[in-house]
Amino acid sequence: MPSPSEKAQPCSFCEKREATNTYTRAGRTNEVCATCLDRLEVQEAVEYKTIDIIELLESKRYDEALAQVDGFEKANRHRDHDGWMDRSIATERANILYEAGRYEEALQASEAKAQLGFENVTDRWSYGLEKAGILELLGRHREALEAFEEAFSHQDPKFLARAAYYFPALVELSEDLGQPVDEKWRRVAEAAAEEFAVEMPVRDSLGESMRALEKMTRGMPSKAEREWRATHGGGAGGDAL
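Every value quoted in this text rests on a predicted model; they were computed, and no experiment measured them.

Procedures and definitions
- Residues numbered from 1 in each chain as written.
- Predicted model: local features only at pLDDT ≥ 70, side-chain atom pairs only at ≥ 80, totals over all residues.
- Heavy atoms only, no water.
- Salt bridge = Lys/Arg side-chain N within 4 Å of Asp/Glu carboxyl O.
- Helix = DSSP H or I, 4+ residues; strand = E, 2+ residues; numbered from the N terminus.
- Buried < 20%, exposed > 50% of the residue type's maximum accessible area, 1.4 Å probe, protein only.
- Contact = heavy atoms within 4.5 Å.
- Phe/Tyr/Trp six-rings, centres within 6.5 Å; stacked < 30°, edge-to-face > 60°.
- 1 Å grid on protein atoms, 1.4 Å probe; cavity = no way out; pocket = protein on both sides within 12 Å on 5 of 7 lines; lining within 4 Å.
- Points joined across faces, edges and corners; volume = space filled by probe spheres on them.
- Nonpolar A, V, L, I, M, F, W, Y, C, P; charged D, E, K, R; others polar.
- Axes fitted to C-alpha atoms, helices over the stretch in contact; angles between N-to-C directions.
- Parallel < 35°, antiparallel > 145°, perpendicular 65-115°, else oblique.
- Left-handed = near helix turned anticlockwise from the far one by under 90°.

## Some remarks on the pattern of salt bridges
Under the defined criterion, the tally for this structure stands at 21 salt bridges. Notably, a salt bridge pairs D82 with R39, separated by 2.7 Å at the nearest N-O pair. Of this pair, D82 sits in the loop between α2 (62-76) and α3 (84-99) while R39 sits in helix α1 (residues 34-58), and the two are 43 residues apart along the sequence. Taking the relative accessible area as the measure of exposure, R39 reaches 14% and is therefore buried. Through salt bridges with shared partners, a single network forms among R39, D82, R87 and E119.

Okay, structure coming up:
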């Protein structure tokens with residue numbers, strides 16, 4: 001604890017609470033609060049557990065993989081203060097069921113995950129894409145497009161650069177129904193082009209223009225990244241941890 005004359009150091013992860021603990025990974029040490037220490041240690045454990053799960057999936061030991069996920073969740077539930085672990089485990093569970101070919105169960109697991117909420121719109125988009133993929137395998141193509149469009153309709157200017165990544169999926173889901181991409185998505189595509197400071201590609205259809213835009217901007221810095229580099233002397237931006 002700092003003395004009365006010392007100013008408390010903020011947590012380097014959340015930047016809200018007082019730093020009371022040290023977290024070290026890959027030789028890098030950061031001062032964090034107790035809540036964020038739990039988050040970071042659980043997050044690291046989930047990454048290692050995922051490696052174990054991948055090995056089980058490769059040998060088609062699906063029930064064993066599910067049992068490991070359930071056991072990990074039970075053992076670490078008390079350390080999940082913000083729902084991050086719950087969402088990560090739900091994603092893992094849905095993926096295992098998907099890999100096992102148990103698509104109806106995977107769909108139920110995916111929908112249950114959505115009930116936990118989303119950290120940001122990109123998590124919602126990923127959920128919509130995941131659900132659409134399962135519905136496609138079940139032959140429910142219209143529902144697949146509707147599921148993705150509902151998720152993708154939640155837009156946030158902060159994540160416009162990432163929206164372009166999802167354009168090809170929107171095009172493919174529309175094509176699977178034999179229909180063009182709905183014109184309502186043009187404004188999203190144009191906003192994404194503006195975010196990357198490029199002209200919207202002109203093609204024979206909106207879908208082809210969106211595909212071309214995603215390919216053109218792949219790996220390009222977004223507006224936020226360009227501003228960060230201008231402010232910080234051209235280096236690459238990054239998180240505190």
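## Notes on the environment of M220
Turning to its location among the elements, M220 is positioned in the loop between α10 (206-217) and α11 (223-231). By relative accessible area, which is 29% here, M220 ends up partly exposed. Note: C-alpha distance between M220 and A161 (59 residues apart in sequence) is 9.1 Å. Once you skip the residues sitting within four places of it in the chain, M220 turns out to touch F196, V198 and E225.

## Side note on the packing of aromatic side chains
This model, assessed by the stated rule, comprises ten aromatic pairs. When the centroid spacing of 5.1 Å and the interplanar angle of 70° are considered together, the rings of W125 and F152 count as edge-to-face. A residue pair is termed long-range when its members are at least 10 positions apart, and W125 in helix α5 (residues 121-137) and F152 in helix α6 (residues 141-152) qualify at 27 residues. Like W125, the residue F152 is buried in the burial classification. Between the aromatic rings of W125 and Y166, the centroid separation amounts to 5.5 Å while the plane-to-plane angle is 70°, which identifies the pairing as edge-to-face. Of this pair, W125 sits in helix α5 while Y166 sits in the loop between α7 (160-163) and α8 (167-176), and the two are 41 residues apart along the sequence. Accessibility expressed as a relative area gives 7% for Y166, which makes it buried.

## Some points on empty space enclosed by the protein
Going through the model one piece at a time under the given rule, you end up with one cavity of 30 Å³ or more. In this structure, the largest cavity occupies an estimated 40 Å³ of space. Partitioning the lining of the largest cavity into residue classes produces four nonpolar, one polar and two charged.

## Considerations on the environment of D70
For D70, the position within the fold is in helix α2. The spacing of D70 and C33 is 37 residues in sequence and 27 Å in space, taken between C-alpha atoms.

## Things to note about the packing of α1 against α2
Helix-helix packing: each pair is described by the crossing angle between the helix axes and the interaxial distance. The N-to-C vectors of α1 and α2 enclose an angle of 165°; their axes lie 9 Å apart at closest approach. As the angle between them shows, α1 and α2 are arranged roughly antiparallel. The hand of the α1/α2 crossing is right-handed. Where α1 approaches α2, its residues V42, A45, V46, K49, D52, I53, L56 and L57 are matched on the opposing element by Y62, E64, A65, Q68, V69, F72 and N76. The residue makeup of the contact of α1 with α2, split by class, is ten nonpolar, two polar and three charged.

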